Amino acid sequence: MRDVDFDAVRTFVTAADAGRFQDAAAEFSITQQAVSKRIATLEKNLGVRLFTRTSRGAKLTIDGQAFLPHARDLLRTRERALASVRPGRRALRVDVIGRRLAPADLLRDFHGAHPEIALDAVTLFDADAAVDAVRSGSIDASIRAVTMPGQRFPEDVRSTRVYDEPIQLLTGPAHELAAARCAAPADLAGQRIWMPGIVPGTEWAAYYEALAAAFGFTIEVTGPDFGVEPLLDTIADSRTLATFVGERTRFAWPADHGLRRVHLRDPTPVYPHSLVWHLDNPHPALAAFRDHLRSGRFDHSGAGTWTPS
């Protein structure tokens, strides 16, 4: 069936259930002749007879009986396909960079406040990929840092700052700052901050380069990036290495690692998360998501904080 006429398929199913073309005509508010025309077109398309006319009405042929369950499946599949893109029915598709990071936590918070809204979380690599996906419509929104030097969004893309996430120092138990409840960024001069996962040219690389330059320390990116668990293992066993994590970053590590989160103060570096979306995106849940993020619950900006200029 190269071109499925769903009106004809629906008419066929209704006539089969009723056993009379007249009842199908009444169901669709059309003439009995129009019903016969639809069935004839469907039979021509399939190359088989679906009904035989009797004095009592219309009776399914063997081919009609074989086609009936598949016709029902066609109609159900069509309805599911339409429902998936019907306003308010399709899941809101949001890029959260990584499932352990703050953007995913913000999306979970929104789900807790609006459990009736279906959500689909995806993880894209960098801001450029996210903006391309927003423009193409493959995602509805992305939560990203948009403070890269020289970064300009297309005219049809919008962004708004939604969450400034405090950055913390993560150390092992033997590190000299492990017992400190807080430290100043300026105190990190001379410390070995190790972040092998930083990828040059990304928005997070631009942020940490600006942070290191502002407070006079160096971030080491040498060595292979084997993922989070090997990084945490190394930090836990080191007296000299530390790394940065966001306040809402969700890490699980063995109890014997003894890792410490050290708050940074005077000022507190905050990572600026923004919501990015397309100007013409019609998804009804997108406005609710924007309002939730801009409600003030997640704001840490202002006096005593630092972000790149």
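Look above for the structure.
Conventions and cut-offs
- All residue numbers here refer to positions counted from 1 along the written sequence of the relevant chain.
- With pLDDT at 70 or above as the cut-off, local features in this predicted model cover only qualifying residues; side-chain atom pairs require 80 or more to be listed or tallied, and sums for whole chains, interfaces and linings still use all residues.
- Each side-chain value is worked out from all heavy atoms of the structure, with water and hydrogens disregarded.
- Helix numbers and strand numbers start at the N terminus; a helix is a DSSP run of H or I with at least 4 residues, a strand a run of E with at least 2.
- Here the globule rule reads 2.2 Å times residues to the power 0.38, and the radius of gyration is calculated from C-alpha atoms.
- To sort residues, take the accessible area from a 1.4 Å probe on protein chains only and compare it with the maximum for the residue type: under 20% means buried, over 50% means exposed, and anything in between is partly exposed.
- Note on contacts: a residue pair qualifies if any of its non-hydrogen atoms lie within 4.5 Å across the two residues.
- For the area figures, the Shrake-Rupley method with a 1.4 Å probe applies, and any residue is considered shielded solely by the protein chains shown.
- By the counting scheme adopted, Arg and Lys are positive, Glu and Asp are negative, and His together with the chain ends is not counted.
- The atom standing in for a charge is NZ when the residue is Lys, CZ when it is Arg, CG when it is Asp and CD when it is Glu.
- The salt bridge criterion pairs a side-chain nitrogen of Lys or Arg with a carboxyl oxygen of Asp or Glu, the two atoms within 4 Å.
- Here, the arc refers to the directions that run from the helix axis to the C-beta atoms.
- Stacked, edge-to-face and tilted are the three classes for Phe, Tyr and Trp ring pairs, Trp counted by its six-membered ring, which pair at centre distances within 6.5 Å; planes under 30 degrees apart are stacked, over 60 edge-to-face, the rest tilted.
- Any Lys NZ or Arg CZ found within 6 Å of a ring centre and within 35 degrees of that ring's normal is scored as a charge over the ring.
- We treat two strands as partners when DSSP finds at least two bridges between them.
- Inter-axis angles, ranging from 0 to 180 degrees, are taken between N-to-C directions of lines fitted to C-alpha atoms, where helices are fitted over the stretch in contact.
- By definition in this entry, angles of less than 35 degrees are roughly parallel, angles greater than 145 are roughly antiparallel, angles of 65 to 115 are roughly perpendicular, and the rest are oblique.
- Classification used: nonpolar for Ala, Val, Leu, Ile, Met, Phe, Trp, Tyr, Cys and Pro, charged for Asp, Glu, Lys and Arg, polar for all others including Gly.

Attention shifts here to the overall build of the protein. In terms of helices and strands, the protein carries 9 helices and 13 strands. Its C-alpha radius of gyration of 30 Å places the protein more than 25% over the 19 Å reference for a compact globule of 309 residues. In terms of principal-axis extent, the alpha carbons of the protein reach across some 95 × 40 × 30 Å. Burial statistics for the protein: of 309 residues in total, 43% are counted as buried. In the protein, of all internal contacts separated by at least 6 residues, the share reaching a separation of at least 24 is 75%. When the accessible surface of the protein is summed, it comes to about 16300 Å², and 50% of that surface belongs to carbon and sulfur atoms. Charge centroids of the protein, computed over 37 positive and 38 negative side chains, lie 10 Å from each other.

Across the junction of Asp-266 and Pro-267, the peptide omega takes the value -5 degrees, indicating a cis bond. Along the chain, Pro-267 turns up in the loop between strand 11 (260-264) and strand 12 (268-278). Its identity is not glycine, yet Asp-266 carries a phi of approximately 55 degrees, on the positive side. With respect to the secondary-structure elements, Asp-266 resides in the loop between strand 11 and strand 12.

Tallying each qualifying case throughout the model produces 16 salt bridges. The partner of Arg-108 in a salt bridge is Asp-105, with the nearest N and O atoms 3.4 Å apart. Here Asp-105 and Arg-108 lie together in helix 5 (residues 102-113), a separation of 3 residues that amounts to about one turn. The exposure class assigned to Arg-108 is partly exposed, which follows from its relative accessible area of 37%. A network of salt bridges, in which partner residues are shared, links Asp-105, Arg-108, Arg-248 and Arg-250.

Among the residues making up helix 6 (residues 127-136), those that are buried are Ala-127, Ala-130, Val-131, Ala-133 and Val-134. Projection of helix 6 onto a plane perpendicular to its axis shows the buried side chains occupying an angular sector of 160 degrees, all on one side. Looking at helix 6, the residues exposed on the side facing more than 90 degrees away from the buried face are Asp-128, Asp-132 and Ser-136. Against the buried residues of helix 6 lie strand 3 (92-95), strand 5 (141-144), strand 6 (157-171), helix 7 (203-215) and strand 12.

Another point: the side chain of Arg-290. Relative to the helices and strands, Arg-290 resides in helix 9 (residues 284-293). Setting aside its immediate chain neighbours within four residues, Arg-290 contacts Leu-275 and Trp-277.

Further remarks concern the packing of aromatic side chains. Applying the stated criterion to the full structure yields 12 aromatic pairs. Between the aromatic rings of Phe-110 and Phe-289, the centroid separation amounts to 4.9 Å while the plane-to-plane angle is 55 degrees, which identifies the pairing as tilted. Here Phe-110, found in helix 5, pairs with Phe-289, found in helix 9; they are 179 residues apart in sequence, far enough to count as distant. You can call Phe-289 buried: its relative accessible area is 0%. When the ring centre of Trp-277 is taken as reference, the NZ or CZ atom of Arg-290 above it lies at 4.6 Å.

In this sheet, strand 2 (residues 57-60) lies alongside strand 1 (residues 51-54) in antiparallel orientation, the contact comprising 4 bridges. Bridge pairing in strand 2 places Thr-52 opposite Lys-59.

Bringing the environment of Pro-267 into the picture now. The partly exposed category is assigned to Pro-267, whose relative accessible area is 21%. C-alpha of Pro-267 to C-alpha of Ala-184: the two residues are 83 residues apart in sequence and 6.8 Å apart in space. If near-sequence neighbours (up to four positions away) are discounted, Pro-267 is found in contact with Pro-185, Phe-215, Gly-304, Thr-305 and Trp-306.

What follows covers the packing of helix 1 (residues 6-18) against helix 3 (residues 32-46). In contact at an axis separation of 9 Å, helix 1 and helix 3 are set at 110 degrees when each is read in the N-to-C sense. As the angle between them shows, helix 1 and helix 3 are arranged roughly perpendicular. Note on element contacts: helix 3 touches helix 1 through Val-35, Arg-38, Ile-39 and Leu-42, opposite Asp-7, Ala-8, Val-9, Thr-11 and Phe-12. Here the residues of the contact of helix 1 with helix 3 sort into 6 nonpolar, 1 polar and 2 charged.

As a further point, take the pairing of strand 11. Of the pairings in the sheet, the one linking strand 6 to strand 11 comprises 4 bridges and is antiparallel in character. Looking at the pairing, Gln-168 lines up with His-263 of strand 11. Bridge count for strand 7 (residues 182-183) against strand 11 is 2 bridges, and the pairing is parallel. From the neighbouring strand, Cys-182 faces strand 11, where its bridge partner is His-263.

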